[in-house]
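Secondary and tertiary structure notes
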Amino acid sequence: MIEARAPAKIIILGEHFVVHGSHALAASIDRYITVTASYHSSDVLIASGKAVKAEHIFNSVDKITRGRHVKLIVKSQVPNGAGLGSSAALSIASTIAVSKLFDVKPDPSLLFDISMEAEKYIHRNPSGVDVAASLYGGFVLFKRGELRIIKAQPIRFLVVDSRQRRITGNLVSRVKEFMEHNPELFASLVSVSDLMSIKGAQAIENGNVEQVGSYMNVTQHFLELIGVSTPKIKSIIEYLNGKVFGAKLTGAGGGGCVIAIPRIGNGLKSGYMVKAGVDGAYKINYGKQLEPSTAADDVA
Ligand code: PMV
């Protein structure tokens, strides 16, 4: 039996706009999906003790398994459909687990491609930011075909789950509709979001969490404008007002989680703290930190 682990992620800035060509700033977090792989007579994936449909995983890992069958047992610390990148972490952990089982050591770009294939099956048009954050780890400034790893100390984020579950692909389609009805406005939002992600990455590098928080607040307004926030998310953010440097939904929205950077001594009683900027799946499983230049080449 062979085990592999991949971290969940948060998108700090730039979700949705990244689908349309801008940068996003994301980070791996210390919540994990662990997959155990073993030889089996047919393909089976077990989660929470039950066999679940996972054709997309088996189809994509076929590049490694080449028609041989495996049993995958999943242990997860990541809620599904909550914006924390559970599907990307599952496909990465599964791909690495079967690679180890068949004694293959795929390079990071192959792992990225295989996981993207599984993501495409679920989300139709994923940007790749979830896969990049979980695989490479740390803080990543991501744009389609481009990746920069930001060197910075981990940062504590508060995560509050709205407990509203949703499907990323539906939210991405809703944003496309908004874009079609408001082309000029949407283009401006994409361009400001792009700049905020780049500036946000610099602020992370300089340890300026207050600045990151300001960009998060503006991003939340953008996400409300394009129709992916909810009254529940808004009420969580209102509750956090004054106690945090910034707060916003993370991921596709329509529910899911709110992330925030708390001020010291804020007395917050909701949610839980996570460490953002932890090791990615590649480092965890193969013990090698990917250098920024290598990473950029791999994804390009
Ligand atoms: O699936 P989620 O909730 O982690 O969101 C993914 C981020 C989006 O920007 C909404 C989609 C994408 O592929 O970048």
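As shown above, the structure is provided for reference.
Residues numbered from 1 in each chain as written. Predicted model: local features only at pLDDT ≥ 70, side-chain atom pairs only at ≥ 80, totals over all residues. Heavy atoms only, no water.

Here the focus is the site of the ligand. Taken together, 16 residues are adjacent to the ligand, and K9, S127, D130, R166 and T168 come closest. Taking K9, its side chain carries an N or O atom lying 2.6 Å from an oxygen atom of the ligand. One of the side-chain N or O atoms of D130 is found 2.9 Å from an oxygen atom in the ligand. Burial of the ligand by the surrounding chains reaches 96%, relative to a free accessible area of 380 Å². Among the secondary structure elements, those contributing two or more residues to the shell around the ligand are β1 (2-13) and α4 (129-136). Per-class residue counts for the shell around the ligand are six nonpolar, six polar and four charged. For the shell around the ligand, the domains that each give at least three residues are domain 1 (2-152 + 277-299) and domain 2 (155-276). (Near = heavy atom within 4 Å. Polar contact = N/O pair within 3.5 Å; in protein donor to acceptor, adjacent residues only side chain to side chain. Areas by Shrake-Rupley, 256 points an atom, 1.4 Å probe, with all protein chains shown as cover. Helix = DSSP H or I, 4+ residues; strand = E, 2+ residues; numbered from the N terminus. Nonpolar A, V, L, I, M, F, W, Y, C, P; charged D, E, K, R; others polar. Domains from an automatic or database assignment.)

Remark: helix α3 (residues 108-123) packs on α4, axes separated minimally by 10 Å, with the N-to-C direction vectors making an angle of 140 degrees. The orientation of α3 relative to α4 falls into the category oblique. In terms of crossing hand, the pair formed by α3 and α4 is right-handed. Of the residues in α4, those in contact with P108, L111, F112, S115, M116 and E119 of α3 are D130, V131, A132, L135 and Y136. Taken together, the residues that form the contact of α3 with α4 break down as eight nonpolar, one polar and two charged. (Axes fitted to C-alpha atoms, helices over the stretch in contact; angles between N-to-C directions. Parallel < 35°, antiparallel > 145°, perpendicular 65-115°, else oblique. Left-handed = near helix turned anticlockwise from the far one by under 90°. Contact = heavy atoms within 4.5 Å.)

A positive phi angle, near 50 degrees, is found at R66, a position not held by glycine. Of the residues examined, R66 reaches a relative accessible area of 63% and is grouped as exposed. Its identity as a non-glycine residue notwithstanding, D103 has a phi of 55 degrees, on the positive side. Counting through the fold element by element, D103 comes out in the loop between α2 (86-101) and α3. (Buried < 20%, exposed > 50% of the residue type's maximum accessible area, 1.4 Å probe, protein only.)

Across all of its chains, the model carries five aromatic pairs by this definition. A centroid spacing of 6.2 Å and a plane angle of 85 degrees characterise the contact between F17 and F222, whose relative ring orientation is edge-to-face. Remark: F222 occurs in helix α7 (residues 209-225) and F17 occurs in the loop between β1 and β2 (24-39); sequence separation between them is 205 residues. An angle of 50 degrees between the planes, with centres 4.9 Å apart, marks the rings of Y282 and Y286 as tilted. Residue Y282 and its partner Y286 are both found in helix α9 (residues 281-286); the two are separated by four residues, about one turn of the helix. For the pair Y282 and Y286, one class covers both residues: buried. Within the aromatic cluster, the residues linked to one another by ring pairs are F17, F178, F186 and F222. Against the face of Y32 rests R5, its NZ or CZ located 4.2 Å from the ring centre. (Phe/Tyr/Trp six-rings, centres within 6.5 Å; stacked < 30°, edge-to-face > 60°. Lys NZ or Arg CZ within 6 Å of the ring centre and 35° of its normal.)

One finds I10, I12, L72, Y136, F157, I226 and L240 to be the most contacted residues of the largest nonpolar core, which totals 101 residues. Two domains each donate at least three residues to this core, and these are domain 1 (2-152 + 277-299) and domain 2 (155-276). Not counting the four nearest positions on each side in its chain, I10 is found in contact with A26, A27, I29, L84, F157, T250, I259 and A276. (Core = buried A, V, L, I, M, F, W, Y, C linked by side-chain atoms within 4.5 Å.)

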